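Spelled out, the chains give:
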Amino acid sequence: MGKKVVTLGEIMLRLSTPGNTRFVQSDSFDVVYGGGEANVAVSCANYGHEAYFVTKLPKHEIGQSAVNALRKYGVKTDFIARGGDRVGIYYLETGASMRPSKVIYDRAHSAIAEADAADFDFDAIMEGADWFHWSGITPAISDKAAELTRLACEAAKRHGVTVSVDLNFRKKLWTKEKAQSIMKPLMQYVDVCIGNEEDAELCLGFKPDADVEAGHTDAEGYKGIFQQMMKEFGFKYVVSTLRESFSATHNGWKAMIYNGEEFYTSKRYDIDPIIDRVGGGDSFSGGIIHGLMTKPNQGAALEFAVAASALKHTINGDFNLVSIEEVEALAGGDASGRVQR
């Protein structure tokens, strides 16, 4: 029987240029829906969990289309408040080779950015939940959304729910100073902290000893920072993805996890070609949530998450549309979960 997983955030209308065309070339867009926590909810629903996505969407047809996109993949929408004026939009131009992908946001004053605490009964939402997940994108949307995030975290703790965060710093939404002022106090509610080296530095002020731009993601550089983060914030697990970016369509991909006692580094995947990397981190979060809830140890949980995320890079759209069986088949090989030293 699946677990009850709750995620909170914004689902947006995504308008993508067809294929690898540039914005200025395109006279049409492909329509899909997506957004950090919505993507995580879809992953969890695919793995057989009772996944609830919490947001606010307008009552009009575009808002309904976003709700329908979630329902299509089995996400429960019972706690989505309806009202407000706007569905957030983002435009995506998919890069190739040495040309990076580009995202343009049009999400100011969206329904969730202007939602009030009165729109949600977080005690009812967290009742019987096993896991609550949010990301740094949600409090970055607006001060009101940051307050909702805090209220949701408090309710989760009242109900004994495990809380995970994907730090997910977005420089188009806030500065690192603002991010740290909001994110650091929220860490007291977090059990599982997920983020890459850049997120940890910008959101929490921790810097690993690694040259990421040059692709030098030395695992040793992470160990010290994981220990410091755990010491300061009391996390049960610290998890980081390590992406080597050779080009927009060719990445190396692995991850690390630390439980306060031992570090585990996953096997590395060479992803080439990448079809769509948007939502790659969210697919990793969905995988680690499933893994930590169902696997015997952190190593097995991490291998599941990394394999799930590697597969997402081959799928168009924000959502990771894979089954447990497909992920397990890729994670196979040595899935003993033993520490690799």
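- Per an unreviewed UniProt entry, the protein is named PfkB domain protein, and its organism is Bacteroides faecis.
- Here is the UniProt Sequence similarities (unreviewed entry) comment for the protein, exactly as written: "Belongs to the carbohydrate kinase PfkB family."

1. Topic: the packing of helix α6 (residues 176-186) against helix α7 (residues 197-204)
Okay, step 1: Following both chains from N to C, one finds α6 and α7 inclined at 85 degrees, their axes separated by 7 Å at the closest point. Considering their axes alone, α6 and α7 lie roughly perpendicular with respect to each other. Counting all contacts with α6, which are made through Lys-176, Ala-179, Gln-180, Met-183 and Lys-184, the residues of α7 involved are Glu-201, Leu-202, Cys-203 and Leu-204.
Okay, step 2: Looking at the contact of α6 with α7 residue by residue, the classes come out as 5 nonpolar, 1 polar and 3 charged.

2. Notes on the side chain of Thr-17
Okay, step 1: Looking at the secondary structure, you find Thr-17 in the loop between β2 (12-16) and β3 (30-34).
Okay, step 2: The contacts of Thr-17, once residues within four sequence positions are left out, are Arg-22, Phe-23, Ser-26, Phe-29, Asp-30, Leu-92, Glu-93 and Thr-94.

3. So, the pairing of strand β4 (residues 50-54)
Within a regular strand, side chains alternate between the sheet's two faces.
Okay, step 1: With respect to burial, β4 is a largely interior element, 4 of its 5 residues being buried.
Okay, step 2: Bridging between strand β1 (residues 4-8) and β4 involves 5 bridges; their strand directions are parallel. Directly across from Lys-4, in β4, lies its bridge partner Glu-50.

4. Describing the sheet that holds β3
Okay, step 1: Read across the sheet, 4 strands follow the order β3-β2-β7-β8 without closing on themselves; strand pairing throughout is mixed. The open sheet has two free edges, formed respectively by β3 and β8 (102-106), since each of these has just one partner strand. Averaged over all pairs of adjacent strands, the angle between their axes in this sheet comes to 25 degrees, without regard to strand direction.
Okay, step 2: Examined bridge by bridge, β2 and β3 share 5 bridges and lie antiparallel to one another. Across the sheet, the residue bridging to Leu-15 is Val-31, located in β3.

Parameters and conventions
- Residue positions are given per chain, counting from 1 as you read along its sequence in written order.
- Where totals are concerned, whole chains, interfaces and linings use all residues; where local detail is concerned, this predicted model gives features only for residues with pLDDT of at least 70, and gives and counts side-chain atom pairs only at 80 or more.
- Only hydrogens and water are set aside; all other atoms, that is, all heavy atoms of the structure, feed into the side-chain values.
- UniProt positions are given in the numbering used here, feature names are shortened, and annotations may be inferred rather than shown by experiment.
- In this analysis, axes come from line fits to C-alpha atoms, helices being fitted only over the stretch in contact, and the angle between any two N-to-C directions falls in the range 0 to 180 degrees.
- Only runs of H or I of at least four residues qualify as helices and only runs of E of at least two qualify as strands under DSSP, and these elements are numbered from the N terminus.
- Small angles under 35 degrees read as roughly parallel and large ones over 145 as roughly antiparallel, with 65 to 115 read as roughly perpendicular and the rest as oblique.
- Here a residue-residue contact requires only that any non-hydrogen atoms of the pair lie within 4.5 Å.
- Each residue is assigned to one class: nonpolar for Ala, Val, Leu, Ile, Met, Phe, Trp, Tyr, Cys and Pro, charged for Asp, Glu, Lys and Arg, and polar for all the others, Gly among them.
- The cut-offs for exposure are 20% and 50% of the maximum accessible area for each residue type, with area from a 1.4 Å probe on protein chains only; residues under the lower value are buried, those over the upper are exposed, and the others partly exposed.
- A pair of strands is considered paired only if DSSP assigns at least 2 bridges between the two.

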